[in-house]
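Working through the structure, step by step
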Amino acid sequence: MHTGGITRRHLVAGALALALAACTPAAGQEPSAAPSPPPRYFGLDHYGNLTLMMSEQEALATGDLQPTPVATLLGRNVYSFTGGPTPDASRMAADTKIEKDVAEAESGAFGDSSQGTADAARVYAASASRVAARMLEFQSSGGASYLDGALDTIAAPPGAVTEAGIHRGSTLTEVQTAYAAKGLTQTSATLYEVPVPGRAGWVLLLTFGKDTVTYMSLGKAG
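What counts and what doesn't
Residues numbered from 1 in each chain as written. Predicted model: local features only at pLDDT ≥ 70, side-chain atom pairs only at ≥ 80, totals over all residues. Heavy atoms only, no water. Helix = DSSP H or I, 4+ residues; strand = E, 2+ residues; numbered from the N terminus. Polar contact = N/O pair within 3.5 Å; in protein donor to acceptor, adjacent residues only side chain to side chain. Contact = heavy atoms within 4.5 Å. Pairing = 2+ DSSP bridges. Phe/Tyr/Trp six-rings, centres within 6.5 Å; stacked < 30°, edge-to-face > 60°. Core = buried A, V, L, I, M, F, W, Y, C linked by side-chain atoms within 4.5 Å. Buried < 20%, exposed > 50% of the residue type's maximum accessible area, 1.4 Å probe, protein only. Salt bridge = Lys/Arg side-chain N within 4 Å of Asp/Glu carboxyl O.

1. Section: the side chain of serine 170
- Following the sequence through the fold, serine 170 ends up in the loop between β8 (160-162) and α5 (172-179).
- Of note is the side chain of serine 170, whose polar atom sits 3.0 Å from the backbone nitrogen of histidine 167.
- Beyond its immediate stretch of four places on either side in the chain, serine 170 contacts Gly165, Phe208, Asp211, Thr212 and Val213.

2. Quick notes on the sheet that holds strand β10 (residues 191-195)
- Taken together, the eight strands give an open sheet; going across it, the order is β4-β5-β6-β7-β12-β11-β10-β9, and neighbouring strands pair in antiparallel fashion. Unpaired on one side and paired on the other, β4 (71-73) and β9 (185-186) mark the two borders of the sheet.

3. With respect to the packing of aromatic side chains
- In this structure the tally under the stated criterion is four aromatic pairs.
- Cluster of aromatic residues (ring-pair linked, three or more members): Phe42, Tyr47 and Phe81.

4. Side note on the nonpolar core
- Phe42, Leu65, Ile154 and Leu206 are the most contacted members of the largest nonpolar core, which totals 31 residues.
- Those elements giving two or more residues to this core turn out to be α2 (56-61), β6 (143-147), β7 (150-155), α5, β10, β11 (202-209) and β12 (212-220).
- With four residues, β11 is the single largest residue contributor to this core.
- Apart from the residues within four sequence positions on either side, isoleucine 154 is in contact with Phe42, Tyr47, Leu50, Leu52, Phe81, Gly143, Ala144, Met216, Ser217 and Leu218.
- Among the nonpolar cores identified, the runner-up in size contains eight residues, and Ala71, Val131, Phe138 and Ala155 belong to it.

5. Observations concerning the pattern of salt bridges
- The tally for this structure, following the rule as stated, stands at eight salt bridges.
- The partner of arginine 91 in a salt bridge is glutamate 137, and the shortest N-O contact between them spans 3.1 Å. Taken as a pair, arginine 91 in helix α3 (residues 89-107) and glutamate 137 in helix α4 (residues 114-141) lie far apart in primary sequence, 46 residues in all.
- By relative accessible area, which is 32% here, glutamate 137 ends up partly exposed.
- Through salt bridges with shared partners, a single ionic network connects Arg91, Asp95, Glu99, Arg130, Arg134 and Glu137.

Keep in mind these values describe shape, not function.
Given below as structure tokens:
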């Protein structure tokens, strides 16, 4: 359908750009932080009882995750850790409404008129804003996301520490010292990746802001 060049692909790309921009605090700002739990080891292939190869149901059975998703994000079920943020039914209903509107826009329900194009653009913008906000919340508080029952990402909560002593607030120099010999690669101005041994395609992802680590996660490269 014709929507003035705005498509779901643009929506997802825009949302990812917004989320990455939000992960880098502006000068004079600090990222909002959830209450910090005691330090917990964040391994290159696991966190607590969660491992990369566990299915969604296996992960839920560990008790490390709350049993109900706190969000759905680009087809993924997003869970917080036990003791973390709890599901907000009204917010999730609003999220569902936004994505229903997106589906209608993609189906051509808004038409090709100038008003229809404007309405579609408004819906896509609302969805992009939602995705960026939920991504930032996920990275901030930590948790795990699953796509079709398989792990997509484990985000480290505040206070988590890697086996090499890296945590939120670690400097780039500290990260380079810890992981230069383990395949550390810079993939963008604010992102570094460390390959997970024995798990092709999986990486420890380190997000930087103001020259220190702001978020850590385990996920697929790229």
